[in-house]
Amino acid sequence: MKTKILLITILILLSGFGVFIFISQMNTNESSPMNHPFSNINHTDNEHIREKSIHDNKQETPTNEENAPTKNFKGAITEAFKDTVAYFSNKEMNIVAIGDSLTQGVGDSTKQGGYVGILDNTINQNNQVANFYNFGHRGDRTVQLRKRLDNPKVSSAIQDADIILITIGANDIMQVLKDNITNLTLNKFREERVHYEARLRDIFSEIRRLNADANIFLIGFYNPYDKYFKDIKELAIIVDEWNGTGEAITEELENVAFIPTSDLFDKTDKDLIAEDNFHPNNRGYQLMAKRVLMYLTKQER
């Protein structure tokens, strides 16, 4: 029986790393099962863990037909934001966005600035009622974000902020993948998640030191590989667990809320991912913006 090369190509554009990772199983016997990076993990246990994670992290999310198909995303969002625009028109606010490439808006081919730009364009569509400051930086992990808070320009904006939006954590997961690509296990991610939690708490602590009153929103991340690598269920488990850590922290803090987004991208037939197979495209960012603004106005009122 001839030997063949089984090449599993995980196309991961590491946000900020700008590299592709290729996992190859060389000289695998034709009759052997094809392995993937987590092949040494019991999948029955994984299903149990994933079900438990989803149950533990489940929270009520606004529906308002936000998952309904539509040909005109802009029109649908404008309709959903009518009350919000009216609300913001009564007061001028400072909204600061910090974090990684999801805040920067990477993948948005319309160059609006991702979900932050969409929020800006929507809230300020008639009058300038909210000032937006976007400090998103591609590739940032919690380590870099914490250092960025010491930047005078960033810290000054946070001090004057009424609302602070944060996207962070996806690159922390990618770093674990990059560092352990030849020996991946769930435990590698769970061990790092402990450190991620400590760094995230430090970030919240510093933000509160700078601004004791602002409403803070931690925006969860999604699994961009579900569409292409459904057989690697561990990736979904990792995303669920790390999102659960962020959500748990926000529940302990005053005027801090977690905004889930994974359900917007999970098992959908809509094209929501950019050509880099990692970041949202304009449609994906529009769904994120819609979700964020629903939570934001709910909190403000």
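Quantities reported herein were computed from a predicted structural model and do not represent experimental measurements.

1. A closer look at the confidence of the model for the protein chain
With 63% of its residues at a pLDDT of 70 or more, the protein chain has an overall mean of 75. Averaged over each element, pLDDT in the protein chain is lowest for strand β1 (residues 3–10) (31) and highest for helix α7 (residues 152–159) (98). Confidence drops under pLDDT 50 across residues 1–35; counting only partners more than four residues distant or on other chains, this segment forms 69 contacts. Low pLDDT, under 50, characterises residues 39–71; the stretch is placed with 51 contacts to residues that sit more than four places away or in other chains.

2. Points about the packing of helix α9 (residues 186–210) against helix α10 (residues 234–252)
Put simply, α9 and α10 touch, their axes get as near as 10 Å, and they point 25° apart. Looking at the two axes, α9 sits roughly parallel to α10. With respect to the hand of their crossing, α9 and α10 are arranged in right-handed fashion. Along the contact surface, α9 presents Leu186, Phe189, Arg190, Glu192, Arg193, Tyr196, Glu197, Leu200, Arg201 and Phe204, while α10 presents Glu234, Ile237, Ile238, Glu241, Trp242, Thr245, Gly246, Ile249, Thr250 and Glu252. When the residues that make up the contact of α9 with α10 are grouped by side-chain class, the tally is nine nonpolar, three polar and eight charged.

3. Observations regarding empty space enclosed by the protein
Summed over all chains, the structure comprises three cavities of 30 Å³ or more. The computed volume of the second largest cavity comes to approximately 40 Å³. In terms of lining, the second largest cavity is formed by Ile168, Tyr196, Leu218, Ile219, Gly220, Phe221, Trp242, Asn243, Gly246 and Phe258. Looking at the lining of the second largest cavity, the elements that each hand over two or more residues are β6 (215–219) and α10. Here the element with the most residues in the lining of the second largest cavity is α10; it accounts for three residues. The residue inventory of the lining of the second largest cavity, partitioned by class, reads seven nonpolar, three polar and no charged.

4. Overview of the pairing of strand β5 (residues 163–167)
In terms of burial, β5 is a largely internal element, five of the five residues being buried. Every second residue of β5 is oriented toward a common face, with Ile163, Leu165 and Thr167 on one face and Ile164 and Ile166 on the other, all of them buried. Direction of pairing for strand β3 (residues 93–99) relative to β5: parallel, over a ladder of five bridges. Within β5, the position partnered with Ile98 by the bridge is Ile166. Here β5 runs beside β6; their pairing, made up of five bridges, is parallel. Its bridge partner being in β6, Thr167 is matched across the sheet by Ile219.

5. Quick notes on the sheet that holds β5
Each strand in a sheet pairs with another by means of backbone hydrogen bonds, the pair being arranged parallel or else antiparallel. Here we have five strands laid out as an open sheet, ordered β4-β3-β5-β6-β7, and parallel in their pairing. Either end of the sheet is taken by a strand with one partner, and the two such strands are β4 (130–136) and β7 (256–259). Pairs of neighbouring strands in the sheet enclose a mean axial angle of 20°, with direction left out of account. Across the sheet, α9 is in contact with β3, β5, β6 and β7; its angle to β6 comes to roughly 155°.

6. Concerning the pattern of salt bridges
On inspection of all chains with the given rule, the structure shows twelve salt bridges. Measuring nitrogen to oxygen at the nearest pair gives 3.6 Å for the salt bridge that ties Arg146 to Glu206. Of this pair, Arg146 sits in helix α6 (residues 142–148) while Glu206 sits in helix α9, and the two are 60 residues apart along the sequence. With a shortest N-O distance of 2.7 Å, Glu192 and Arg199 are connected by a salt bridge. Connected via shared salt-bridge partners are Arg146, Asp150, Asp202, Glu206 and Arg209.

7. A closer look at the side chain of Thr167
Take Thr167: it is sitting in strand β5. A distance of 2.7 Å separates a polar atom in the side chain of Thr167 from a polar atom in the side chain of Asp100. Looking at Thr167, its side chain comes within polar contact range of the side chain of Thr103, at 2.6 Å. Those residues within four positions of Thr167 in sequence are excluded, and the remaining contacts are Ile98, Gly99, Asp100, Leu102, Thr103, Tyr115 and Ile219.

8. Details of unusual backbone geometry
You will see that Asn255, though not glycine, has its phi angle at about 60°, which is positive. Relative to the helices and strands, Asn255 is located in the loop between α10 and β7.

9. Quick word on the environment of Thr261
Mapped onto the fold, Thr261 is located in the loop between β7 and α11 (262–265). For Thr261, a relative accessible area of 0% corresponds to the buried category. Among all residues touching Thr261, those that are not within four sequence positions of it are Ile219, Gly220, Phe221, Tyr222, Met288 and Arg291.

10. Focus: the packing of helix α8 (residues 170–179) against α9
Each pair of packed helices can be summarised by the angle the axes make with each other and by the distance between the axes. For the pair α8 and α9, the least separation of the axes is 10 Å and the interaxial angle reads 145°. The two elements α8 and α9 cross, and the hand of that crossing is right-handed. Across the interface between the two elements, Asp172, Ile173, Val176 and Leu177 from α8 touch Lys188, Phe189, Glu192, Tyr196 and Arg199 from α9.

Cut-offs and rules
Residues numbered from 1 in each chain as written. Predicted model: local features only at pLDDT ≥ 70, side-chain atom pairs only at ≥ 80, totals over all residues. Heavy atoms only, no water. pLDDT = per-residue confidence, 0-100. Helix = DSSP H or I, 4+ residues; strand = E, 2+ residues; numbered from the N terminus. Contact = heavy atoms within 4.5 Å. Axes fitted to C-alpha atoms, helices over the stretch in contact; angles between N-to-C directions. Parallel < 35°, antiparallel > 145°, perpendicular 65-115°, else oblique. Left-handed = near helix turned anticlockwise from the far one by under 90°. Nonpolar A, V, L, I, M, F, W, Y, C, P; charged D, E, K, R; others polar. 1 Å grid on protein atoms, 1.4 Å probe; cavity = no way out; pocket = protein on both sides within 12 Å on 5 of 7 lines; lining within 4 Å. Points joined across faces, edges and corners; volume = space filled by probe spheres on them. Buried < 20%, exposed > 50% of the residue type's maximum accessible area, 1.4 Å probe, protein only. Pairing = 2+ DSSP bridges. Salt bridge = Lys/Arg side-chain N within 4 Å of Asp/Glu carboxyl O. Polar contact = N/O pair within 3.5 Å; in protein donor to acceptor, adjacent residues only side chain to side chain.

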